[in-house]
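Analysis of the macromolecular model
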Amino acid sequence: MFIQVAVPGPFLTPLDYQYVYDDKQILPVVGGRVWVPFRNRKLIGIVMSIKETTELDAKKIRAVTEIVDGEPIFSERDLQFLQWAAHYYHEPIGNVMQTALPKRLKEGESVVLDGVTAWQLNDSGRAEATDKIRSNAIQQLNLLEFLKSHPYPVTESTIATCLSGWRVPMKRFHEMGWVDKTEKNCLHAWQRNEEVNHALNEQQQAAVDMVLQNEGFNAFLLEGVTGSGKTETYLGMIEEVIAQGKQVLVLVPEIGLTPQTVDRFERFLNQPVAVMHSDLTDKERHCAWYMVQSNQVKVLLGTRSALFTPFANLGLCILDEEHDLSFKQQDNFRYSARDALVRRAQLEKVPVVLGSATPSLETLHNALSQRYGYLKLTERAGGASMPDMRLLDVRGDRSVQQHEGVSLVLREMITNHLEQQGQVLLFLNRRGFAPVLMCHSCGWQAACPSCDANMTYHHQFRELRCHHCGYQQKAPPACPNCGEQDFVDVGQGTEKLETIIQSWFPKHKTLRIDRDTTRNKGQMEKVTQIAREGHADILIGTQMLAKGHHFPKVTLVALLDIDQGLFSCDFRAAERMAQLVVQVAGRAGRAEKQGEVVIQTHHPDHPLLRTLVEQGYDAFASEALAERKVADLPPYTYQIMLRAESIDPQSAWQFLLDIESALQLKAVDQAKSARQGDAPLDAFGPVAAPMLRRQGRFRYQLLLQCSHRGLLHHWLGSLESNIYAHPLVNKVRWSIDVDPQEMA
């Protein structure tokens, strides 16, 4: 018996191994794991097919070391989707399969995960324990109070995080018959909620009905203004799908959104929700994967990697904030969770919903072309009104330079809103204290030794940090060039903004939310809860605040520096800027008070910016799509970016030049034979990346573009094996980025 196994590595097809049948052993199964020898080590691989013959010399084929799974862990449809992903993104199949496995399963652990012990105070304990515990038995009293405050079974790990020395008292409680010991599944604790509000407004219910009225695959864009209740609409859909006994996959862009979304989902649906994201432990990821794969939980909520989780009975796919760049993996296996989710739903023959207040131009184009259904939520839920938005012209305003980017007009607006008990949100998409630390005497600047970029000055830690490669060092006490101690911090970051705001409003609590203040696990949930409950008067943050957070007390939102999005080498920069503006603006006026949004700008007459503010995102998107069509840019053409980097700049450039030359020859031959002259291959490059040197390596890129998607992939695919065999392949790091979202 010969089996083809997908193993991690640069292999475009599965590798052949042989298996000698033994009555005492389990047989390999397609979709199951096996241990196989590879060079001088063992690897876990996934069986892709089983056959009786091989084209290779059977004597040279190595044997499978061990069968791990007697039953498939990936269904035939799962394998079909994963093979599509490998083919479309030009990624080795073994690497794609590894992406679909939690770390513990990649190490050969059993798929089945045992439950955990849980304890619950019973009626006898509530009636007797208080009277029978001595007053000086502090640990017993603490444990009793803890159990009284948790009316549902509590796992040992949960108890351990709150109490120390609890095991001996728990043993006594169990002997006395005061607690019940049970086995719970590996998911987090969930408490049944008897009061659930399922009411949807007319527009929300219409969207639910449209998505679920037909069986089979359908793709929908759900465009809803910020605060229109897209999440409630998703929940209405999920509730009906669960009632049919099916499962639902929901993808969200940020880990920070997950805790509040999980709580909301569990309260609405009245059942546990599995969670999958990179901030979980290996065991927690394994647990979520197993519970979904074994159909013990109906809803999986996760970030982009949750896309590859196998489902027992998938019935609906949802992707929230579909425009968000975080759905595109930017290294290694460079897939788009948005696009791949649509393909998975098509293979699974289930509906898929892509939701956003600011849909990407690609998705909007699909909706306008009637490839996707187009659903709209035009009103804010609960009667809240949309905020007033206006541009604040700061050209020639010296106060902006004097007060670290905040004009006196804006300062007065902040004062007025605080006096009216409103909450203020100041948005600046740049963390740190200052982007540049410069010597005032000689002009020296703190540059990163490994990148073509300046290091950002972080005043709180007296450190210089490169936000591109992670290099950091202590800020020098004197200029390394001239020895003077006269430093100037040029530019503005959230840390500096926090300093000036605190000096202006010392009686008001200021809360900064960026990557520096939310680095520790669980910190993002804590700070957003503080903001949500109104315990901070002024919020200062980066784009982390723009994604789905509900701050009901915010009445003023101010965006301080968005002009850089209007002038960029990346053709998507204006689109990203518009989405960011609308998303941040959507945090204002989400409750009973009217919201106000102000955008400080040096370019108040920019046509796209004026269209966005005066006519809204739809008008902006319409103009942007027209520009894209004239310029032959996506979504009217298709792109693949090849990148290469090396310590020696000549190697990376030559590597891409050889590929470009071979592709052009291939395209010409194909066009002649197939008469496809109307769909030429455009190759731009190789050229230096916008940041030529990063982490000590020189970076170049080659952009391929064609109006025919199939031809573009065919041309590249026909050369793929040659790329892996290129003589420079061991001297460069290279990647293929299909449908690139960033030009850097």
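Everything below is about the structure printed above this text.
Remember, it's a predicted structure, so these values are computed and weren't measured experimentally. (Residues numbered from 1 in each chain as written. Predicted model: local features only at pLDDT ≥ 70, side-chain atom pairs only at ≥ 80, totals over all residues. Heavy atoms only, no water.)

Details of the overall build of the chain
Heads up, the rule is: Secondary structure counts use DSSP, requiring at least four H or I residues in a row for a helix and at least two E residues in a row for a strand, with both numbered from the N terminus. Each radius of gyration reported is based on C-alpha atoms, and the globular scaling rule is 2.2 Å times the count of residues to the power 0.38. Only protein chains enter the accessibility calculation, which uses a 1.4 Å probe; a residue is then buried when its area is under 20% of its type maximum, exposed when over 50%, and partly exposed in between. Here, two residues are considered to be in contact whenever any of their heavy atoms come within 4.5 Å of each other. Per-residue and other accessible areas were derived by the Shrake-Rupley procedure at a 1.4 Å probe size, with only the shown protein chains allowed to occlude residues. The charge count includes Lys and Arg as positive and Asp and Glu as negative, but it does not include His or the ends of the chains. Taken as the charge centre is NZ of Lys, CZ of Arg, CG of Asp or CD of Glu, depending on the residue.
A tally of helices and strands in the chain yields 22 helices and 30 strands. Against the globule reference of 27 Å for 744 residues, the chain gives a C-alpha radius of gyration of 29 Å, in line with a compact fold. Seen along its three principal axes, the alpha-carbon backbone of the chain occupies a region of about 85 × 80 × 60 Å. Within the chain, the proportion of its 744 residues that are buried is 53%. Nonlocal contacts in the chain, meaning residues at least 24 apart in sequence, comprise 75% of its contacts between residues at least 6 apart. Of the roughly 33,800 Å² that the chain leaves accessible, carbon and sulfur atoms contribute 47%. Computed over 79 positive and 88 negative side-chain charges, the inter-centroid distance for the chain is 4 Å.

Topic: the pattern of salt bridges
Condition: Between Lys or Arg on one side and Asp or Glu on the other, a salt bridge is scored when a side-chain nitrogen of the former is within 4 Å of a carboxyl oxygen of the latter.
For the structure shown, the criterion picks out 29 salt bridges. When the shortest N-O distance is used, the salt bridge between E463 and R465 registers 2.9 Å. For the residue pair E463 and R465, the accessibility class agrees, reading buried in each case. Several salt bridges share partner residues, and in doing so they unite R77, D78, R344 and E348 into one network.

Section: the sheet that holds strand β21 (residues 472-474)
Selection rule: Strands qualify as paired when DSSP identifies two bridges or more between them. Note on geometry: axes are lines fitted to C-alpha atoms, helical ones only across the stretch in contact, with angles between N-to-C directions running from 0 to 180 degrees.
The sheet built from three strands is open, its strands ordered β19-β20-β21 with antiparallel pairing. The open sheet has two edge strands with one neighbour each: β19 (456-458) and β21. With strand direction ignored, the average angle separating the axes of adjacent strands in the sheet is 25°. In this sheet, β21 lies alongside strand β20 (residues 463-465) in antiparallel orientation, the contact comprising three bridges. Bridge pairing in β21 places L464 opposite Q473.

Some points on the state of the cysteines
The condition is simple: When two cysteine sulfur atoms lie within 2.5 Å, the pair is treated as a disulfide.
All told, the structure shown has zero disulfides when counted by the stated rule. This cysteine, C162, is not joined by any disulfide, and C287 carries the nearest cysteine sulfur, 19 Å off.

Structural notes on the packing of aromatic side chains
Rule in force here: Centre distance within 6.5 Å is the pairing criterion for rings of Phe, Tyr and Trp, where only the six-membered ring of Trp is used; planes under 30 degrees apart are then read as stacked, over 60 as edge-to-face, and the remainder as tilted. When the NZ atom of lysine or the CZ atom of arginine is within 6 Å of a ring's centre and also within 35 degrees of its normal, the charge is said to sit over that ring.
Going through the model one piece at a time under the given rule, you end up with 17 aromatic pairs. Among the aromatic side chains, those forming a connected cluster through ring pairs are F81, W84, Y88, Y89, F308, F333 and Y335. The aromatic ring of W35 is capped on one face by K42, whose charged end is 4.9 Å from the ring centroid.

Quick look at the sheet that holds strand β2 (residues 15-18)
Read across the open sheet, the five strands follow the order β2-β1-β4-β3-β5; overall the sheet is antiparallel. Edge positions in the sheet fall to β2 and β5 (66-67), since each has one partner strand and no second.

So, the side chain of E362
With respect to the helices and strands, the residue E362 is situated in helix α13 (residues 361-368). Leaving out residues up to four positions away in the same chain, E362 has contacts with R338, R572, E575, R628, P634, P635 and Q741.

A word on helix α1 (residues 76-88)
What counts, and what does not: Take the residue count of a helix, subtract one, and multiply by 1.5 Å to get its expected span.
With 13 residues, α1 extends 18 Å between its outermost C-alpha atoms, agreeing within 8% with the 18 Å of an ideal straight helix rising 1.5 Å per residue. By the burial criterion, the buried members of α1 are D78, L79, F81, L82, W84, A85, A86 and Y88. The inward-facing, buried residues of α1 contact β4 (41-51), α2 (93-99), α12 (337-348), α22 (709-724) and β30 (733-738). Residue H90 follows α1 closely and has a positive phi angle near 55°.

Brief notes about a nonpolar patch on the surface
Rule in force here: Patch membership requires over 30% relative accessible area and the absence of a salt bridge. Like charges are linked within 9 Å, and nonpolar side chains (Val, Leu, Ile, Met, Phe, Trp, Tyr) within 5 Å.
Nonpolar side chains collect at one region of the surface, where M1, Y21, L27, V30 and I50 lie side by side and expose about 430 Å² of accessible area between them. Assignment of secondary structure puts I50 in strand β4. Since its relative accessible area comes to 35%, I50 is described here as partly exposed.

Comments concerning the environment of L56
You can see L56 is positioned in the loop between β4 and β5. We classify L56 as exposed; its relative accessible area is 52%. Along the primary structure L56 and D16 are separated by 40 residues, whereas in three dimensions their C-alpha atoms are 8.4 Å apart. Excluding its chain neighbours within four sequence positions, the residues that come into contact with L56 are D16 and I61.

A look at the side chain of T117
Mapped onto the elements of the fold, T117 is located in strand β6 (residues 116-121). Those residues in contact with T117 that lie beyond four places of it in its chain are V154, T155, E156, K181, T182 and E183.

Quick look at the nonpolar core
What counts is decided by this rule: What we call a nonpolar core is a set of buried Ala, Val, Leu, Ile, Met, Phe, Trp, Tyr and Cys residues that are connected through their side-chain atoms within 4.5 Å.
Membership of the largest hydrophobic core comes to 121 residues, with the highest contact counts inside it found for F74, M97, L251, L425, L559 and L642. In this view, L642 contacts L656, I659, Y700, Q701, L702, L704, L716, I723, S735 and I736; residues no more than four positions away in its chain are not counted. Residues L200, I238, V250 and F268 belong to the second largest nonpolar core, which totals 28 residues.

Observations concerning the packing of helix α4 (residues 123-132) against helix α5 (residues 138-148)
How two helices pack is summed up by the angle between their axes together with the distance between the axes. Quick note on the threshold: Angles are sorted into four bins: roughly parallel if under 35 degrees, roughly antiparallel if over 145, roughly perpendicular if 65 to 115, and oblique for all others. The handedness criterion is simple: a crossing whose near helix is rotated anticlockwise from the far helix by less than a right angle is left-handed, and one whose near helix is rotated clockwise is right-handed. Side-chain classes follow a simple rule in which Ala, Val, Leu, Ile, Met, Phe, Trp, Tyr, Cys and Pro form the nonpolar group, Asp, Glu, Lys and Arg form the charged group, and the remainder, Gly included, forms the polar group.
Contact geometry for α4 and α5: axes closest at 11 Å, N-to-C directions at 155°. Relative to α5, α4 is oriented roughly antiparallel. In this structure, the crossing between α4 and α5 has a hand that is left-handed. Along the contact surface, α4 presents R126, A129 and T130, while α5 presents L144, L147 and K148. Here the residues of the contact of α4 with α5 are counted per class, giving three nonpolar, one polar and two charged.

A short note on the packing of helix α8 (residues 202-212) against helix α9 (residues 230-243)
Interhelical geometry of α8 versus α9 gives an angle of 40° and a closest axis separation of 9 Å. Relative to α9, α8 is oriented oblique. For the pair α8 and α9, the crossing hand works out as right-handed. Residues Q204, Q205, A207, V208, D209, V211 and L212 of α8 lie in contact with α9, whose contacting residues are E232, T233, G236, M237, E240 and V241. Among the residues making up the contact of α8 with α9, the classes are represented as six nonpolar, four polar and three charged.

Thoughts on the environment of E348
The topology assignment puts E348 in helix α12. Ignoring sequence-local partners within four residues, the contact set of E348 consists of R77, D78 and L314.

Some words on α13
By the criterion of burial, α13 is predominantly enclosed, with seven of the eight residues buried. Among all positions of α13, only L361, E362, T363, L364, H365, N366 and A367 are buried.

A look at unusual backbone geometry
Note that the residue after P634, namely P635, is joined by a cis bond; omega there is 15°. Along the chain, the position of P635 falls in the loop between α20 (617-631) and β27 (638-646). The residue after G685, namely P686, is reached through a cis peptide bond having omega 5°. Within the secondary structure, P686 is located in strand β28 (residues 682-694). Of note in this structure, N332 is not a glycine but carries a positive phi near 55°. When you line up the elements, N332 lands in the loop between β13 (314-320) and α12. The exposed category is assigned to N332, whose relative accessible area is 65%.

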